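Notes for the structure review
In case you want the letters, here they are:
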Number of protein chains: 2
Amino acid sequence: MDRESGRIDGDRPMRWNGWGDPAHAKDLPLAVRALLPLLLGRTRRPADAVELMDVIVAPSTLTAEDLAAFGRTVGPEHVDVTHEARIRHAGGRSTPDLLRRRAPEQRVPDAVLRPGTHDEVSAVLAAAVELDVAVIPFGGGTSVVGALDPDRGAHRAVVSLDLGRLSGLIALDPVSGDAVLAAGTTGPEAEALLNAEGFELGHYPQSFRYATIGGFAAARSSGQNSAGYGRFDTMVTGIRIATPTGDLELGRSPGSAAGPDLIRVFLGSEGIFGVITEVRVRVHPVPQRRILESWSVPDFTTGADALRRVAQSAAGPTVIRLSDEAETAVSLAQLGKIGKVLAKGASIVTVYEGDDIEHRRSRTAEILRAVGGTSSGESDAEAWLEGRFDGPYLRDSLLDAGVFCETLETATVWSALSSLRDAVTSAIREGFAAEAGARSYVMCHISHVYPTGASLYFTILAGVRGDQLAAWEKVKARVNDAILEAGGTISHHHAVGRDHAPWLAQEIGETGVRILSAIKRELDPHGILNPGAVVAIERTGRTD
Amino acid sequence: MDRESGRIDGDRPMRWNGWGDPAHAKDLPLAVRALLPLLLGRTRRPADAVELMDVIVAPSTLTAEDLAAFGRTVGPEHVDVTHEARIRHAGGRSTPDLLRRRAPEQRVPDAVLRPGTHDEVSAVLAAAVELDVAVIPFGGGTSVVGALDPDRGAHRAVVSLDLGRLSGLIALDPVSGDAVLAAGTTGPEAEALLNAEGFELGHYPQSFRYATIGGFAAARSSGQNSAGYGRFDTMVTGIRIATPTGDLELGRSPGSAAGPDLIRVFLGSEGIFGVITEVRVRVHPVPQRRILESWSVPDFTTGADALRRVAQSAAGPTVIRLSDEAETAVSLAQLGKIGKVLAKGASIVTVYEGDDIEHRRSRTAEILRAVGGTSSGESDAEAWLEGRFDGPYLRDSLLDAGVFCETLETATVWSALSSLRDAVTSAIREGFAAEAGARSYVMCHISHVYPTGASLYFTILAGVRGDQLAAWEKVKARVNDAILEAGGTISHHHAVGRDHAPWLAQEIGETGVRILSAIKRELDPHGILNPGAVVAIERTGRTD
């Protein structure tokens, strides 16, 4: 493993203006190419994307003295003001981020700092307060909610704090199944390190190959195996944090009543209170066996009811997900099985890992059969498993073809799930029609289930021929309003960042925002940390 | 159900100076009486306890104007300044509380207020700020950590805010398995209301018969069925809170990444940030079947290892608990089976409720047999189930007999559990010997298991012949130091109150305390809410 770059062998740095490793780019399957004009009408190929070296950025506002001061915290070789580094840290990987990466002029941080230890993180924060420079913590760079925008707030400059050098397995307690990982460790690095000891974390969000342990914690990530191993926030048993005004080390025992659980203050804080430098997580032995099975169900509603019964009976799948009719059809088209579409309705993927898998499979199967589901064996589930990290590659190909593509997600209680899905679908369709005169195709799946409710994940294609970014901003605002109106959460696992921040007060109330602001003022009184993310900036400057 | 008193039929108000219903008082079994002198030496019967009407209390410092002002918030009939009401709200039910209730002079609140709605709670808080009066939220009155002490802090007076009238099932979503309960609803009331709809909560802490839903939330309670249904904080899906500076209503979906989970700020806050008025909880259908089984294992260490394997394999018991050799011996003595003691070693109780119980039982049994456990059938488990709420009654009888009796608890990761148990046991034994020249008998059980660790619950008997309260304060301080030194949490489910507050900073750090204080200042800037609980009082007075 190359600790310096923070990437395991074979994982090259992510494309600067798209997803993942260019070598893995996925062309649109022929069937999908054929479908698109039918679904969306004629689209327009965008202008060629700009090359990295041709991007125009403002010169860094940091002086030689500033850079020397930061050099004293992380070592001069880890203060990076190169054109490439600044552009590579200019944002996350939402579709708006990618559209911005196609523009000739781009907003970028004034420098990239790469601390190698917790103490170096603390030193950077102290220096940043002293120099009046905003700091954007940067893990894998996969935020899709604008959490990485180089926003300087009221400060002189802004630096990206790349945590990639904080990488590694710091401790493993094999008896307790408890591991401490450095925050900048990526998903594949964490699994490789744990696997070598016979353990795994089992956290597989779509960003897995690039996102980091600290990012999973900061954003309250949830992965594909959440039915079996839980959301990331339920895996976290401890946390170490550097703030501008002091450090924290939390998490002594799996259950505690020693006041409010302060770990939860930092899970979901997206770097506005402090920088997560280490995360303690629950791990489990690498499962030795696995069963895959896919199912067809007549329709989404029937399938959702089945998933509810599975979640409420704790039947025990590791993965369970339901694709609606629209998503099922496109998945089949991708697999060249378009002819099967009409026969399929909605579809379910199940995976069972670990102990007792036959029994868990048979309990789940009983529930699925009872609602009219029919097993279609392993192959579709296997195809899902193989392609499960490829969605973002397809998005790049769609964008290249001039098709707008983005995802969004929410969650609510089971009883409100259908009406929330309808509300979001309508807001998207009507939004694109009204704001851009565009046709759209909306797919939905459930991929995270709980006894009391579930997530809804939408994939959207739209034939926007004009300014896609401007159109999407308006549609997304309509969708956010619709989600809150229908009782959903503004985000199930993408987090708040800057994109959802204007809607947060509607969800947690003004008093909730005041609590977040009070914590922010206490820990980061100068407001240098990720200004504008999660809660509105308080432009207190340096004088308070 | 008598909504006015907040008690279901048959549950009389709790003894003012002991536990529970006087009609259910438990005499010490003969075998235990015979054992005590052997274990502890000769004890001394205490002086007769004072009668309620003879207790001397300071006159209420509230003026007629004050009382009229509070009367305008809750109705004059719900402002209670009677001698009995004030004494009944003078504290919780720790052994120090009960020893204080035996003294001729007692510290009591200046009045008891009984709001009937959320808005009345808000109005009380506004009036209290206006009048400079501290407010102690009071649910079932079962705190064992001093959370109910009538501490006025820097204020003119202190009132107890009895939430018993906020009682009832406000909403039930049977599809999602989600119920909203008023905060003052007691455990039995909640179960009766839910059972009538086919559901249950399944939260059975020892305080179950008196404690309230709001109290469970405020103290991060954990019940006997936690292996099956989780700690109370994991059952909470939403919460409504009145604070002196605004209300909150939190919890839109079971999973969310909409910033930090602010519900968790209030779980464990013990009334210092606001008053919980409603709690939304996950409920499940009343289980139709149950299997009980008890087991003998050679010793505590072997048993703990077995519980770890059960917790890590998610084998699925609803209840699993391990009593060490000392607790097993005394339990058997209580059951008149003292002869079996030497044969028994340590003992395990298992209960399986709900679906799939034979399979879950057989998976658990396989693990227990593998460590050398032998099933002893149903009877001991049934005896545990029947007597499980009786511990506090026995404590009253022990105190009457001059035997000091108290419980305390902690938790840690599995790998540190044995050393934590040894450290606590030594601190207790050596503490009583050094501070009071007394012999003590220490029993321990594990009753809450997690994949990464477990709780330890200690029951302590000591033959203290002098001032029991003074001796215990010194021993308890030694134990708290030992717990933190050995890596345990200062409380697994009893919470912090005033008794553990001086140790909290060692667990969460000064930065952690600053976070709690910042939230406190924001929501309760005058510091009227439960001054001195959880975090040290900030005597800001009314001028800030």
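Heads up: the structure comes first, above all this text.
What comes next concerns the included structure. (Residues numbered from 1 in each chain as written. Chains lettered and ligands numbered in written order. Predicted model: local features only at pLDDT ≥ 70, side-chain atom pairs only at ≥ 80, totals over all residues. Heavy atoms only, no water.)

1. Brief notes about the overall build of chain A
Threshold: Only runs of H or I of at least four residues qualify as helices and only runs of E of at least two qualify as strands under DSSP, and these elements are numbered from the N terminus. Accessible area is worked out with a 1.4 Å probe on protein chains only. A residue is then buried under 20% of its type maximum, exposed over 50%, and partly exposed in between. Should any heavy atoms of two residues lie within 4.5 Å, those residues are considered in contact. We get accessible surface area from the Shrake-Rupley algorithm with a probe of 1.4 Å; when it comes to residues, only the shown protein chains can shield them. Neither His nor the chain termini are counted; the positive set is Lys and Arg, and the negative set is Asp and Glu. Just so you know, the charge point we use is NZ for Lys, CZ for Arg, CG for Asp and CD for Glu.
Within chain A, the regular secondary structure consists of 19 helices and 18 strands. Referenced to the eigenvectors of the C-alpha coordinate spread, the extents of chain A come out at roughly 70 × 55 × 45 Å. Going through the 544 residues of chain A one by one, you find that 65% of them count as buried. Put simply, 77% of the contacts in chain A that link residues at least 6 apart link residues at least 24 apart. About 18,800 Å² of surface is accessible on chain A, with carbon and sulfur atoms providing 51% of the total. If the 56 positive side-chain charges of chain A are averaged to one point and the 70 negative ones to another, these points end up 4 Å apart.

2. Comments concerning the relation of the copies chain B and chain A
Here is the rule we go by: The atoms used to superpose the copies are C-alpha atoms, taken from residues with pLDDT of at least 70 in both, and the fit is least squares.
Of the transformation placing chain B onto chain A, the axial shift is 0.0 Å and the rotation is 180 degrees, giving an RMSD of 0.0 Å. What we have between these two chains is a two-fold relation. For chain B, the residue whose C-alpha comes nearest the rotation axis is B:Ala518, separated from it by 3.0 Å.

3. Things to note about unusual backbone geometry
With phi around 60 degrees, A:Asp132 is a residue other than glycine that occupies positive phi space. Position of A:Asp132 among the secondary structure elements: in the loop between helix H5 (118–131) and strand S3 (133–138). With a phi angle near 55 degrees, B:Arg220 is a residue other than glycine that sits in the positive phi range. We classify B:Arg220 as buried; its relative accessible area is 7%.

4. Some words on the side chain of A:His89
Residue and element names in this part refer to chain A. With respect to the helices and strands, the residue His89 is situated in the loop between helix H3 (83–88) and helix H4 (95–101). In this structure His89 comes out as buried when scored by relative accessible area, which is 6%. Not counting the four nearest positions on each side in its chain, His89 is found in contact with Pro109, Val112, Arg114, Phe138, Leu148, Ser160 and Asp162.

5. A word on the sheet that holds S3(A)
Residues and elements named next belong to chain A. Operational definition: For two strands to be treated as a pair, DSSP must find at least two bridges joining them. Axes here refer to lines fitted to C-alpha atoms; in helices the fit is confined to the stretch in contact. Angles between the N-to-C directions go from 0 to 180 degrees.
Read across the sheet, four strands follow the order S1-S2-S4-S3 without closing on themselves; strand pairing throughout is mixed. Sheet topology places strand S1 (79–80) and S3 at the edges, where each strand pairs with a single neighbour. Note that strand S2 (residues 111–113) and strand S4 (residues 157–162) share three bridges and pair parallel. The residue of S4 that forms the bridge with Val112 is Ser160. Set on the sheet, H5 makes contact with S2, S3 and S4; between it and S3 the angle comes to about 150 degrees.

6. Details of the packing of aromatic side chains
Residue and element names in this part refer to chain A. Put simply, the test is: The pairing test for Phe, Tyr and Trp rings, Trp by its six-membered ring, is centres within 6.5 Å, and the orientation test on the planes gives stacked under 30 degrees, edge-to-face over 60, and tilted for anything in between.
Summed over all chains, the structure comprises 18 aromatic pairs over all chains. Consider the rings of Phe208 and Phe389, whose centres lie 5.5 Å apart with planes at 25 degrees: the pair is stacked. Of the two residues, Phe208 sits in the loop between strand S7 (199–200) and helix H7 (213–219) while Phe389 sits in the loop between helix H15 (379–387) and helix H16 (391–400), which places them 181 residues apart along the sequence. The buried category is assigned to Phe208, whose relative accessible area is 6%. Here the aromatic residues Tyr204, Phe208 and Phe389 are joined through ring pairs into a cluster of three or more.

7. Things to note about the interface of chain B and chain A
Filter applied, for reference: Buried area adds together the accessible area that both of two parts lose upon being put together, with accessible area traced by a 1.4 Å probe. By salt bridge we mean one thing: a side-chain nitrogen of Lys or Arg within 4 Å of a carboxyl oxygen of Asp or Glu. As a working rule, the residues Ala, Val, Leu, Ile, Met, Phe, Trp, Tyr, Cys and Pro are called nonpolar, Asp, Glu, Lys and Arg charged, and the rest polar, with Gly in that last group.
Facing the 79 residues of chain B at the interface are 79 residues of chain A. Contact between chain B and chain A buries roughly 5,900 Å² in total, counting both sides, with carbon and sulfur atoms accounting for 58%. Here chain B is connected to chain A by eight salt bridges. Residues B:Glu522 and A:Arg521 are paired through a salt bridge, measuring 2.8 Å at the closest nitrogen-oxygen approach. It is helix H19 (residues 501–523) of chain B that contributes the most residues to the side of chain B that touches chain A, 14 residues altogether. Partitioned by chemical class, the residues of the side of chain B that touches chain A number 31 nonpolar, 28 polar and 20 charged.

8. Some remarks on the nonpolar core
In summary, soluble globular proteins display a tendency toward joint burial of nonpolar side chains. Here is the rule: Only buried Ala, Val, Leu, Ile, Met, Phe, Trp, Tyr and Cys residues count toward a nonpolar core, and they belong to the same one when joined by side-chain atoms within 4.5 Å.
By size, the foremost hydrophobic cluster in this structure holds 94 residues, and its most contacted members are A:Phe232, A:Phe266, B:Phe232 and B:Phe266. Contact partners of B:Phe232, with chain neighbours within four places excluded, come to B:Leu201, B:His203, B:Ile213, B:Phe216, B:Ala217, B:Ser221, B:Ser222, B:Val279 and B:Val281.

9. Considerations on the packing of helix H17 (residues 417–436) of chain B against helix H18 (residues 468–485) of chain B
Residue and element names in this part refer to chain B. Filter applied, for reference: Oblique is the label for any angle not covered by the other classes, which are roughly parallel (under 35 degrees), roughly antiparallel (over 145) and roughly perpendicular (65 to 115). Each crossing gets its handedness from the near helix: less than a right angle anticlockwise from the far helix is left-handed, clockwise is right-handed.
Between H17 and H18, the shortest axis-to-axis distance is 9 Å and the interhelical angle comes to 155 degrees. Judged on the interaxial angle alone, H18 and H17 are roughly antiparallel. Every pair of crossing elements has a handedness; the one defined by H17 and H18 is right-handed. Judged by residue contacts, Leu420, Ala423, Val424, Ala427, Ile428, Glu430, Gly431, Phe432, Ala434, Glu435 and Ala436 of H17 engage Ala471, Trp472, Lys474, Val475, Arg478, Val479, Ala482 and Ile483 from H18. The residue makeup of the contact of H17 with H18, split by class, is 14 nonpolar, one polar and four charged.

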